[in-house]
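# Structural description and commentary
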Amino acid sequence: MKIRDILKEKPVTISCELFPPKKESDFDSVHSAAQKIAGLRPDFISITYGAGGGTSKNTVKIASMVQEECGVTSIAHLTCYSSTPEEVDRVIDDIKAHHIENILALRGDPPKDSSLPLPGHYSHASELVRQIRERGDFCIGGACYPEGHVDCANRELDLDHLKEKVDAGCDFLTTQMFFDNNILYRFLYRALSKGIDVPILAGIMPVINARQIQRSVQLSGTELPNRFCGIIDKFGSDPLAMKQAGIAYATEQIIDLIANGVHGIHLYTMNRPDIAGEIFHNLSYILGREGD
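The structure contained in this document is the topic of the report that follows.

Thresholds applied
Residues numbered from 1 in each chain as written. Predicted model: local features only at pLDDT ≥ 70, side-chain atom pairs only at ≥ 80, totals over all residues. Heavy atoms only, no water. Phe/Tyr/Trp six-rings, centres within 6.5 Å; stacked < 30°, edge-to-face > 60°. Helix = DSSP H or I, 4+ residues; strand = E, 2+ residues; numbered from the N terminus. Lys NZ or Arg CZ within 6 Å of the ring centre and 35° of its normal. Buried < 20%, exposed > 50% of the residue type's maximum accessible area, 1.4 Å probe, protein only. 1 Å grid on protein atoms, 1.4 Å probe; cavity = no way out; pocket = protein on both sides within 12 Å on 5 of 7 lines; lining within 4 Å. Points joined across faces, edges and corners; volume = space filled by probe spheres on them. Core = buried A, V, L, I, M, F, W, Y, C linked by side-chain atoms within 4.5 Å. Contact = heavy atoms within 4.5 Å. Salt bridge = Lys/Arg side-chain N within 4 Å of Asp/Glu carboxyl O. Pairing = 2+ DSSP bridges. Axes fitted to C-alpha atoms, helices over the stretch in contact; angles between N-to-C directions.

## Some words on the packing of aromatic side chains
Counted according to the given criterion, the structure contains three aromatic pairs. Judged by centre distance (4.8 Å) and plane angle (25°), the ring pair of Phe179 and Phe228 falls under stacked. With Phe179 in the loop between β6 (172-175) and α7 (181-193) and Phe228 in helix α9 (residues 226-235), this pair connects stretches of sequence that are 49 residues apart. Here the aromatic cluster, defined as three or more aromatic residues joined through ring pairs, consists of Phe179, Phe228 and Tyr249. Seen from the ring of Phe27, Lys61 lies directly overhead, with NZ or CZ sitting 4.2 Å from the centre.

## Section: unusual backbone geometry
For Met270, which is not glycine, the phi dihedral falls at a positive 55°. Looking at the element boundaries, Met270 is found in the loop between β8 (264-268) and α11 (273-282). Its identity is not glycine, yet Asn271 carries a phi of approximately 60°, on the positive side. Structurally, the position occupied by Asn271 is in the loop between β8 and α11. In this structure Asn271 comes out as buried when scored by relative accessible area, which is 12%.

## Structural notes on the layout of surface pockets
The computed volume of the second largest pocket comes to approximately 500 Å³. Lining of the second largest pocket is provided by 22 residues; of these, Leu188, Ile200, Gly261, Val262 and His263 occupy positions nearest its centre. Put simply, the parts of the chain that give the lining of the second largest pocket at least two residues each are α7 and β7 (200-204).

## Structural notes on the nonpolar core
Leu78, Ile132, Leu173, Leu257 and Ile265 are the most contacted members of the largest nonpolar core, which has 66 residues in total. In this view, Leu257 contacts Phe178, Asn181, Leu184, Tyr185, Ala202, Ile204, Val262 and Ile265; residues no more than four positions away in its chain are not counted. Counting residues in hydrophobic clusters, the runner-up holds 14 residues, among them Met177, Met205, Phe228 and Met270.

## Comments concerning the pattern of salt bridges
Pairs may arise between side chains of opposite charge once their charged atoms sit close together. Tallying each qualifying case throughout the model produces 15 salt bridges. Salt-bridge contacts for Glu101 lead to Lys2; the nearest nitrogen and oxygen are separated by 3.0 Å. Highlighted residues: Glu101 in the loop between α4 (85-97) and β4 (102-106) and Lys2 in the segment before α1 (3-9), separated in sequence by 99 residues. Salt-bridge contacts for Lys10 lead to Asp43; the nearest nitrogen and oxygen are separated by 2.5 Å. Of the two residues, Lys10 is situated in the loop between α1 and β1 (13-18) and Asp43 in the loop between α2 (27-38) and β2 (45-47); the sequence distance between them amounts to 33 residues. Overall, Lys10 belongs to the partly exposed group, its relative accessible area being 38%. Asp43 gets classed as buried once you look at its relative accessible area, which sits at 7%. Look at the salt bridges and you will find they share partners, linking Lys2, Arg4, Glu101, Arg133, Asp137 and Asp171 into a network.

## Side note on the sheet that holds β7
Strand pairing in a sheet relies on backbone hydrogen bonds, with the paired strands running either antiparallel or parallel. On the basis of which strands lie adjacent, the closed barrel formed by eight strands has the order β1-β2-β3-β4-β5-β6-β7-β8 and parallel pairing. Each strand axis lies, on average, 30° off the axis of its neighbour in the sheet, ignoring direction. Where β1 and β2 come together, three bridges link them in parallel fashion. Within β2, the residue paired with Cys16 across the bridge is Ile45.

The following block contains the structure:
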């Protein structure tokens with residue numbers, strides 16, 4: 001099923017993200033996590049691609065498994081940085097062969113040993129979106145950054161680039177993680193003023209490890225509100241307390257978002273079905289899933 005149709009049909013959706021194994025020996029554990037998360041009945045599951053396609057070989061394999069074995073709609077990530085149109089075509093062919101109808105089109109992070117893209121290689125997600133749109137009737141998602149992309153000079157320019165991506169054919173957008181809902185609300189108004197009117201899903205990451213969030217903040221430029229910093233200071237050295245606090249904070253974020261009219265929640269699960277399961281349980285009546 002195409003995600004654009006799911007978003008039209010349901011008043012509120014909740015989806016999850018998985019990442020493929022970095023080592024082939026870890027595939028079974030990721031396969032197990034995918035089955036358990038699919039058992040929570042999210043509206044769809046997205047499968048990441050990895051910097052420079054580093055974990056890409058299992059992306060389509062897992063996305064297909066989620067659909068065929070678990071009966072949950074999947075979306076395969078596809079990154080294009082430093083890729084040629086011919087290389088991208090081969091991946092699209094593979095996605096199509098596995099009957100996957102949804103692609104999340106991303107520029108992707110440059111590999112650590114990468115220089116600037118060579119002539120004839122892609123450097124922007126909008127280029128990838130156009131190619132996917134030309135290749136068939138896919139539902140195409142894209143990423144957006146409520147606090148601005150770290151590589152962009154300012155937020156207005158970042159919104160201009162986002163408008164280009166939407167105009168190229170994106171059906172919906174998913175935000176990078178954020179921890180202050182007011183940042184998202186301001187971003188939604190600014191996006192709408194630019195004529196960006198596709199559905200925007202709020203990306204939520206439950207933080208259960210203080211070191212994990214420190215690294216993520218360095219990479220993404222995400223701001224941490226004082227209230228959240230206080231939680232890390234108080235509970236960061238106690239794994240069980242930090243897990244409980246992180247789940248509670250993410251739950252409160254989602255409740256506030258839904259109460260204020262946000263129709264799509266995307267949960268960055270970190271391949272942890274236990275974390276996702278507790279959040280789904282906390283939201284069971286709010287999402288109308290009280291029988292789960």
